[in-house]
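Understanding the architecture of this molecule
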Amino acid sequence: MKKIKLSLASQIFIGLILGIIVGAIFYGNETAQGYLQPLGDMFLRMIKMIVVPIIVSSLIVAVAGVGDLKSVGKIGAKSLLYFVVVTQIAILVGLVSANLLQPGAGINMNQLEQTDISSYVDTAETKQHESFIDTIVHIVPSNPIKAMVEGDMLAIIFFSVLFGVSIAAIGEKGKPVFRFFQGTAEGMFYLTNLIMKFAPVGVFALIGVTISKFGLASLIPLGKLALSVYGTMLFFVLVVLGIIARVVGFGIFKLIKLLKEELILAFSTASSESVLPKIMEKMEKAGCPKHIASFVIPTGYSFNLDGSTLYQALAAIFIAQMYGIDLSIMQQITLMLVLMITSKGIAGVPGVSFVVLLATLGTVGIPIEGLAFIAGIDRILDMGRTAVNVVGNALAAIVISKWEGQFHPPANNKNLEQVS
């Protein structure tokens, strides 16, 4: 009898379906949630355990291999330009969609439950006191070890890039250090593959807890918002990112197929971190140079959150519509510009989309209390925007590689399929 061997993507998908079924069966059952939550938490903790060592070692090796600060600076400038343009388009798509679909019109707020958002308010108030200059200053770590402990991505990238250039600059003396980080990177990627074997169990537990806590019924009062968010994100991926992918000669459906495991995993866990190591590895194998994939993808986690910024724009207009506030064109342009600034550089903050919205809504006269009405389904919406962020950052690595004239995909599609 022939033994059936399931791919990791199939195993993760089965875990997702079983988690939804179990969550629906045990809806509201705190005992079931108590058994499932530790399994999901263990998986996420294992992922977080490897993210910083992988970024540090991979970036140091990649930059030391290039050995030229000018080249790295050029890649950084191109990446930031691309991130600004694409996230601006994402915000614009969100605003246009909200104005066309009117998801907040006719909503009776008396029928909606309010969720406690005080923890997000505290974080947002802290962020509001920081100027744009403060954000730039904090990219330079006073203590790189502390930055690694806290998972401060931009500070980690800044230190790793400079250290990589320094290793290259000292020539022969730097080779033992280079080999150390090279071995560390290879070891961490091997460890990533081991941890991914636990992914189906982690997905099963996390989606099971989500459905058990919130239930699909929680979507009904805000169903129009959920459908508007998911429909708009689908349009953004297939049309906007699809056009960009076509321009660089790498079809969007080919990219989605390549990332199928990571997309299911990101969607199920609502955590971009859970797939960061695998995206870097896959985009390198798909043809992106190591130094570009290692730099662009982690940086994109702070500056290129397409799904999150699109959602923030749409949610802001939804809340305005819910309160019967008619925003003028100038107010919406102001909202777009403020979102562009507040959404940058705080990817490590828990509930980042809520924090950005809290820091933004007041500037155009939208009551921040409105966020309490949509907080109950935020986890469901977060799953979709996380998947969009993953596609956007993977595509960014291809775009910058092409822009640099260094994108070298496998000789044929069969070799590309072997990447996944």
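Going by the structure above, here's the rest.
In this report, the structure presented in the accompanying data block is examined. (Residues numbered from 1 in each chain as written. Predicted model: local features only at pLDDT ≥ 70, side-chain atom pairs only at ≥ 80, totals over all residues. Heavy atoms only, no water.)

1. Concerning the nonpolar core
Note on soluble globular proteins: their nonpolar side chains tend to be buried together. Heads up, the rule is: Here, nonpolar core refers to any group of buried Ala, Val, Leu, Ile, Met, Phe, Trp, Tyr and Cys residues whose side-chain atoms link them within 4.5 Å. For every residue, the accessible area (1.4 Å probe, protein chains only) is compared with the maximum for its type, and the residue is labelled buried under 20%, exposed over 50%, or partly exposed between those bounds. Helix and strand labels come from DSSP, where a helix needs a run of H or I of at least four residues and a strand needs a run of E of at least two; each type is numbered from the N terminus. We call two residues in contact whenever any of their non-hydrogen atoms come within 4.5 Å of each other.
Judged by nonpolar contacts, the single largest core of 125 residues is most densely connected at Leu255, Met283 and Ile374. The greatest single-element share of this core, amounting to 14 residues, is contributed by helix α2 (residues 30-66). Setting aside its immediate chain neighbours within four residues, Ile374 contacts Leu222, Leu225, Tyr311, Ala315, Phe318, Ile319 and Phe354.

2. Things to note about the packing of aromatic side chains
Note the threshold: Aromatic contacts are taken between Phe, Tyr and Trp rings whose centres are within 6.5 Å, Trp giving its six-membered ring; a plane angle under 30 degrees counts as stacked, one over 60 as edge-to-face, and the others as tilted. Over a ring means this: the NZ of a Lys or the CZ of an Arg is within 6 Å of the ring centre and within 35 degrees of the ring normal.
One pass over the structure, following the stated rule, counts six aromatic pairs. Their ring planes at 45° and their centres at 6.3 Å tell us that Phe43 and Phe198 sit as a pair that is tilted. Taken together, the residues span a long stretch of sequence, with Phe43 in helix α2 and Phe198 in the loop between α8 (175-196) and α9 (199-214) at a distance of 155 residues. Note on Phe43: relative accessible area 0%, which makes it buried. A centroid spacing of 5.1 Å and a plane angle of 75° characterise the contact between Phe180 and Phe181, whose relative ring orientation is edge-to-face. Aromatic ring contacts, followed pair by pair, group Phe159, Phe163, Phe180 and Phe181 into a single cluster. Lying across the ring of Phe250, Lys254 places its NZ or CZ 4.9 Å from the centre. Over the aromatic face of Tyr311 sits the side chain of Arg385, whose NZ or CZ is 4.2 Å from the ring centroid.

3. Comments concerning the pattern of salt bridges
As a reminder of what qualifies: For this document, the term salt bridge refers to a Lys or Arg side-chain nitrogen within 4 Å of an Asp or Glu carboxyl oxygen.
Counting across every chain of the model gives nine salt bridges. With a closest N to O distance of 3.6 Å, Lys285 and Glu281 form a salt bridge. Pair noted here: Lys285 and Glu281 are both in helix α13 (residues 276-285), with a separation of four residues, about one helical turn. By relative accessible area, which is 48% here, Lys285 ends up partly exposed.

4. With respect to the packing of α8 against α13
Going by this rule: A fitted line through C-alpha atoms represents every axis, and for helices the fit uses only the stretch in contact; the resulting angles, taken between N-to-C directions, go from 0 to 180 degrees. Under this scheme an angle from 65 to 115 degrees is roughly perpendicular, one under 35 degrees roughly parallel, and one over 145 degrees roughly antiparallel; angles in between are oblique. It is the rotation of the near helix from the far one that decides the hand of a crossing: anticlockwise by less than a right angle makes it left-handed, clockwise makes it right-handed. Under the grouping applied here, Gly and all other residues not named as nonpolar or charged are polar, the nonpolar ones being Ala, Val, Leu, Ile, Met, Phe, Trp, Tyr, Cys and Pro and the charged ones Asp, Glu, Lys and Arg.
It is the contact of α8 with α13, at a shortest axis distance of 10 Å, that shows an interaxial angle of 120°. Of the possible angle classes, the one that applies to α8 and α13 is oblique. Where α8 crosses over α13, the handedness of that crossing is left-handed. Along the contact surface, α8 presents Phe189, Thr192, Asn193 and Met196, while α13 presents Pro277, Lys278 and Glu281. Looking at the contact of α8 with α13 residue by residue, the classes come out as three nonpolar, two polar and two charged.

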